[in-house]
Amino acid sequence: MSNHANHAVHEPFVRVVKRDRIRFSGKVVIRLVAILLALLVDALFILCVTGLNPISVYTTMFDGTFGTMRRFVTSLRDWAPLLLIGIALAPAFMMRFWNIGAEGQVLMGAMGTALVMVYGAPVMSTPVLFICMFVSAVVLGALWGLIPAAFKAKFGTNETLFTLMMNYVAIKIVSSFYNKWRGTASALGKLNKATEAGWFPKMNILGVNASYGITVIVTVIMVFLMYAYLKYTKQGYEIAVVGESVNTARYAGINVGKVIVRTMLISGALCGFTGFLVVAGSDQTISATTAGGNGFTAIIVAWLAKFNTFYMVLISFLLTFLDKGATQIASSYANLNDYAADIIKGIILFFILGSEFFIHYNLVFRGKKKEG
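Just so we're clear, the structure is a prediction, and the values are computed from it rather than from any experiment.

**Digging into the domain arrangement of the chain**
Thought 1: Assigned domains of the chain: these are domain 1 (13-52 + 333-372) and domain 2 (67-317).
Thought 2: Each of domain 1 and domain 2 has a C-alpha centre, and these two points are 32 Å apart.
Thought 3: The partner domain 2 presents four residues to the seven residues of domain 1 that form the contact.
Thought 4: Around 380 Å² of area is buried between domain 1 and domain 2 when both sides are counted, 75% of it from carbon and sulfur atoms.
Thought 5: For domain 1, the biggest contributors to the area lost against domain 2 are Leu349, Leu353 and Glu356; these three give 61% of the whole.
Thought 6: Our enumeration of links across domain 1 and domain 2 arrives at one salt bridge.
Thought 7: Between glutamate 356 and lysine 306 there is a salt bridge, and its shortest N-O distance comes to 3.5 Å.
Thought 8: Across the domain 1-domain 2 interface, the total number found is one residue pair in polar contact (both at pLDDT 80 or more).
Thought 9: Of all the elements in the fold, those that place two or more residues in the side of domain 1 that touches domain 2 are α1 (24-50) and α13 (338-360).

**Observations concerning a nonpolar patch on the surface**
Thought 1: On the surface, Phe13, Val14, Val16, Phe357, Phe358, Tyr361, Leu363 and Phe365 cluster together into a nonpolar patch covering about 740 Å² of accessible area.
Thought 2: Examining the composition of the nonpolar patch, we find that three residues originate from one element, strand β5 (residues 361-365), more than from any other.

**Details of the packing of helix α12 (residues 309-332) against α13**
Thought 1: Running from N to C, α12 and α13 cross one another at 155°; their axes reach a closest spacing of 8 Å. Taken together, α12 and α13 sit at an angle that is classed as roughly antiparallel. Considering the relative orientation of α12 and α13, their crossing is right-handed. On the side of α12, the interface is formed by Leu318, Leu319, Leu322, Asp323, Ala326, Ile329 and Ala330, while α13 contributes Asp338, Ala341, Asp342, Ile344, Lys345, Ile348, Leu349 and Ile352.
Thought 2: Taken together, the residues of the contact of α12 with α13 break down into 11 nonpolar, no polar and four charged.

What counts as what
- Residues numbered from 1 in each chain as written.
- Predicted model: local features only at pLDDT ≥ 70, side-chain atom pairs only at ≥ 80, totals over all residues.
- Heavy atoms only, no water.
- Domains from an automatic or database assignment.
- Contact = heavy atoms within 4.5 Å.
- Buried area = accessible area lost by both parts, 1.4 Å probe.
- Salt bridge = Lys/Arg side-chain N within 4 Å of Asp/Glu carboxyl O.
- Polar contact = N/O pair within 3.5 Å; in protein donor to acceptor, adjacent residues only side chain to side chain.
- Helix = DSSP H or I, 4+ residues; strand = E, 2+ residues; numbered from the N terminus.
- Patch = residues over 30% accessible without salt bridge, like charges linked within 9 Å, V, L, I, M, F, W, Y side chains within 5 Å.
- Areas by Shrake-Rupley, 256 points an atom, 1.4 Å probe, with all protein chains shown as cover.
- Axes fitted to C-alpha atoms, helices over the stretch in contact; angles between N-to-C directions.
- Parallel < 35°, antiparallel > 145°, perpendicular 65-115°, else oblique.
- Left-handed = near helix turned anticlockwise from the far one by under 90°.
- Nonpolar A, V, L, I, M, F, W, Y, C, P; charged D, E, K, R; others polar.

Structure follows, in structure tokens:
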């Protein structure tokens, strides 16, 4: 008999096991615990580094979004583009096409809008001007999505690197036009400031007159439209099948290349449409930072929501709230600069992202086990 017949086998103290399913209530509890832990860690950071009262800091953070009606409406201005880009990314990500180029697609849409505003305003009537602005933005955004999709469908290129690199191409194109229009001035300023040609009309939102009211309304409509598209249409079904398994999709008779190209056309067009809404409704100008990093932040929105547009509403508002809150506390406390405020925001976001691990996986603790 072998001397090792009854030896003790040492298994890992903890193993990571994928969960088969978890109830909705369980997901809610995990996320709430993550937020509470984040607030606790932030409180320790605030006390140890700044010596401030964490409750006071949290109250100020809350005031950044809800302190006044104007602050809340301004938060909606920042929330809408972030949510709309997340909606645009949803079909591509569901298809497992990692579109990291939303930033560039938004910029190209904004560029198309600005081109029409600058060169078309003197010769076009208002309705024609807006139509041309819209078409130009959507076409350029769709084109910026089509190029990597076509290469992926034809040659199997890496879409992550391809779409990422195209962001930098878009930035350089926008920067060149920005410098041309700026001339010798230190900044470009508002486009068509004297005539306001191509500007959205102001709307009353909760008692605040704002030109981005149309942006907010359109974004809410798109939440319902994209949800219906992905869940109830044949194209949405094809996207889901391709995302689950390319081989299964081909076996079912689905033209995978066609689905990739079509889906990225939609994704890019919606990003370009976002650029149109930002330029005409919020900024009335163009620069290399028009997208504001939302093209990358929206990746978090789409991924955490698991491509459900209604969940995206909450997640995008949470991120907007954190951003506004960080800005508010940085301006309210001398001991809290922008970097410290960003750390507070980052800790909360880290715990929220980390909670997704425990939603999908379980930790199994084990001790020693006898064998033989």
